[in-house]
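Here is how the chains run, residue by residue.
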There are 2 protein chains.
Amino acid sequence: MLELKVLPTGCANRRRSNACDTCGARPLSVCASIDDADLSRLDALAEHLDLQSGETLIQADEAASHVFNITSGSVRVYRLLSDGRRQITGFLFAGDFLGLATGDTYVFSAEAIEPVTACRFRKSDYRTLIRETPALETALLDRANHELVAAQNQMLLLGRKTALERVSTFLLEMPTQDPARPGPQERVHLPMTRAEIADYLGLTIETVSRVFTRLKTQGVIRLISLSEVRIEQPDVLRALADGEA
Amino acid sequence: MLELKVLPTGCANRRRSNACDTCGARPLSVCASIDDADLSRLDALAEHLDLQSGETLIQADEAASHVFNITSGSVRVYRLLSDGRRQITGFLFAGDFLGLATGDTYVFSAEAIEPVTACRFRKSDYRTLIRETPALETALLDRANHELVAAQNQMLLLGRKTALERVSTFLLEMPTQDPARPGPQERVHLPMTRAEIADYLGLTIETVSRVFTRLKTQGVIRLISLSEVRIEQPDVLRALADGEA
DNA sequence: CGCCACTTTGACAGCCTTCAACATGCGTGG
DNA sequence: CCACGCATGTTGAAGGCTGTCAAAGTGGCG
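What you are looking at is a predicted structure, and each value in this text was computed from that prediction instead of being measured.

Trainee: I keep staring at the pairing of strand β10 (residues 221–225) of chain A and nothing clicks. Help me out?
Mentor: Side chains on a regular strand alternate between the two faces of the sheet. Residues and elements named next belong to chain A. Sheet topology note: the β10/strand β11 (residues 228–231) ladder contains four bridges and is antiparallel. Within β11, the position partnered with Ser 225 by the bridge is Glu 228. Where β10 folds back onto β11 in an antiparallel hairpin, the turn is made up of two residues.

Given below as structure tokens:
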């Protein structure tokens, strides 16, 4: 059974059929340009991993020997300052790639935030493989460029948005839990803690909590549980996210 | 005369021989894997542009019809919020690529901040070209992944660093003016205004100015002119950039 | 049922922004 | 060559958003 998936990272709307509504990017497995033979070769080189919450996939400053592909679960990618300040640069989900950056050592860390399954490739195998599979290389290049756009989005958020705008944007960009049902009754699952949301949005736990409370009080969202949010007024949330209030 | 250059964007140390000290990335023109024939085909498709300061290369929301390669000068890439807040996501210099992101319309704008020369490719030509030039595709993939790391750096800066740390980091990452002379007497050229630095670092003009004054007063830097900085104490500046003071 | 980590809430402080005034520098034109 | 004028940059004072510190509340899991 082939486990490899390739999806754009940080894609705002991954909710329906695992495809990105914005750019149409899809898992490699449903991408026309990658045929079964290519996928088989990929799979043959893959090492399958299971990780518990909190376990490490990648440790900053260690030798960059592997490339990962997440097949289920969620992962946090982050960098640290020497005094412990943390910036989470992204959350990864099924289909996301990890560890592609050039260089001999990783410059970031990555850990599971819930049970994760992943494929691991030796970097040398990976290099050989893309050299022999132009379609894969093209798909990865598209993905990388897509991620750069997502990164620019995040820079805009971190550099210029208020706490309210940041949290609103975050809620809108998290993949929703309900793949089948579009429409206004959006339910968002948050596998990460408030601390992780804070470190992703450049805020503190307290500020994130206060904004959640504020959105709840105003009836824009409803907290079904700590990790389950229902967006009651998507239009209002979108307006808040873009600073139009 | 071939004008195409491919360099990693946001590379901290581009000072010596146009190569990145960190990862060794180099212009395509000196990259062994791209031969002269490939470069000739690239050049044949290139349209050469000259822009004055302030002129637009790319306008957000317009059709993404072209891909650019900067051959001289500096460019600002930015995104806007509806109320005018601006986040500059990067400054581009000779060798940088622009407009690679997928999608039918550009999601960011790009303007010259000083006289710029650039090459322009039609996106369809560009796609054909990389399909036929695996070495180019590989180089672009490496560059894209390199840029992702730079973007993560910037997220750490915007999300978790103080004003002093941001400005210090910025001064260290700007390419220095003196390609030949390494060592402590670093001279940094800043083609951008204080407003642009502020919008790049997620600060205000006033805060940037105050930090410059503070660094100047402490003897860490010296302002030769408004756009020319000499780093008197690189070690101190590095410590400040990483929050070790 | 109880522990413990996580979350929420409150009071206060600080960094950066905002608003304002002044200084500087550079290009233009006399 | 110098004076003028405007854009850009610097400096100062006050205020606000978010951070910090502290304590109470909540929920998940054994």
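The discussion continues.
Trainee: How do you make sense of the protein's contact with DNA strand C when you look at a structure like this?
Mentor: Around DNA strand C lies a shell of 18 residues, among which Ser 209 and Thr 213 of chain A together with Ala 163, Thr 207 and Arg 210 of chain B are the nearest. Taking Ser 209 of chain A, its side chain carries an N or O atom lying 2.8 Å from a phosphate oxygen of DNA strand C. Here Ala 163 of chain B contributes a backbone N or O atom positioned 2.7 Å from a phosphate oxygen of DNA strand C. Among the secondary structure elements, those contributing two or more residues to the surface near DNA strand C are α5 (194–201) and α6 (205–217) of chain A together with α6 (205–217) of chain B. Among the elements that take part in the surface near DNA strand C, α6 of chain A stands out by supplying five residues, more than any other. Taken together, the residues of the surface near DNA strand C sort by class into six nonpolar, seven polar and five charged.

Trainee: Help me out: how do you make sense of the interface of chain A and chain B in this one?
Mentor: One frequently used descriptor of interface size is the decrease in accessible area upon assembly of the parts. Between chain A and chain B, the residue contacts involve 48 residues of the former and 49 residues of the latter. The tally of links from chain A across to chain B stands at four salt bridges. Close ionic contact of Arg 160 of chain A with Asp 199 of chain B constitutes a salt bridge, the shortest N to O distance being 2.7 Å. Secondary-structure elements contributing two or more residues to the side of chain A that touches chain B are β4 (75–80), β5 (86–92), α2 (123–132), α3 (134–160) and α5 of chain A.

Trainee: Would you take a moment to explain the protein's contact with DNA strand D for this structure?
Mentor: Near DNA strand D there are 16 residues, and of these Ala 163 and Thr 207 of chain A together with Ser 209, Arg 210 and Thr 213 of chain B occur at the shortest range. Sugar plus phosphate: this is where 67% of the atoms of DNA strand D within 4 Å of the protein reside. A distance of 2.7 Å separates a phosphate oxygen of DNA strand D from a polar atom in the backbone of Ala 163 of chain A. Residue Arg 210 of chain B places a side-chain N or O atom 2.9 Å away from a base nitrogen belonging to DNA strand D. Those elements giving two or more residues to the surface near DNA strand D turn out to be α6 of chain A together with α6 of chain B. The element that contributes the greatest number of residues to the surface near DNA strand D is α6 of chain B, accounting for four residues.

Trainee: Hey, could you run me through the confidence of the model for chain A in this one?
Mentor: Where the model shows low pLDDT, its predicted coordinates should not be examined in detail. Mean pLDDT for chain A: 84, with 80% of residues reaching 70 or above. Note that pLDDT drops below 50 for residues 7–32 of chain A; the model gives that stretch 62 contacts with residues more than four away or on any other chain.

Trainee: What am I meant to see in the environment of Glu 206 of chain A here?
Mentor: Residue and element names in this part refer to chain A. Checked against the element boundaries, Glu 206 lands in helix α6. Take Glu 206: its relative accessible area is 46%, and that puts it in the partly exposed class. Counting along the chain gives eleven residues from Glu 206 to Ala 195, while the straight-line C-alpha distance between them is 8.9 Å.

Trainee: Quick question: what am I supposed to make of the sheet that holds strand β1 (residues 47–51) of chain B here?
Mentor: The strands making up a sheet are joined through hydrogen bonds of the backbone, oriented either antiparallel or parallel. Residue and element names in this part refer to chain B. If you trace the four strands from one edge of the open sheet to the other, you get β1-β8-β3-β6, paired in antiparallel fashion. At either end of the open sheet lies a strand with only one pairing partner, and these are β1 and β6 (97–98). Sitting on the sheet, helix α2 (residues 123–132) touches β3 (66–72) and β8 (116–122), and the angle it makes with β8 is about 75 degrees.

The rules we used
Residues numbered from 1 in each chain as written. Chains lettered and ligands numbered in written order. Predicted model: local features only at pLDDT ≥ 70, side-chain atom pairs only at ≥ 80, totals over all residues. Heavy atoms only, no water. Pairing = 2+ DSSP bridges. Helix = DSSP H or I, 4+ residues; strand = E, 2+ residues; numbered from the N terminus. Near = heavy atom within 4 Å. Polar contact = N/O pair within 3.5 Å; in protein donor to acceptor, adjacent residues only side chain to side chain. Nonpolar A, V, L, I, M, F, W, Y, C, P; charged D, E, K, R; others polar. Contact = heavy atoms within 4.5 Å. Salt bridge = Lys/Arg side-chain N within 4 Å of Asp/Glu carboxyl O. pLDDT = per-residue confidence, 0-100. Buried < 20%, exposed > 50% of the residue type's maximum accessible area, 1.4 Å probe, protein only. Axes fitted to C-alpha atoms, helices over the stretch in contact; angles between N-to-C directions.

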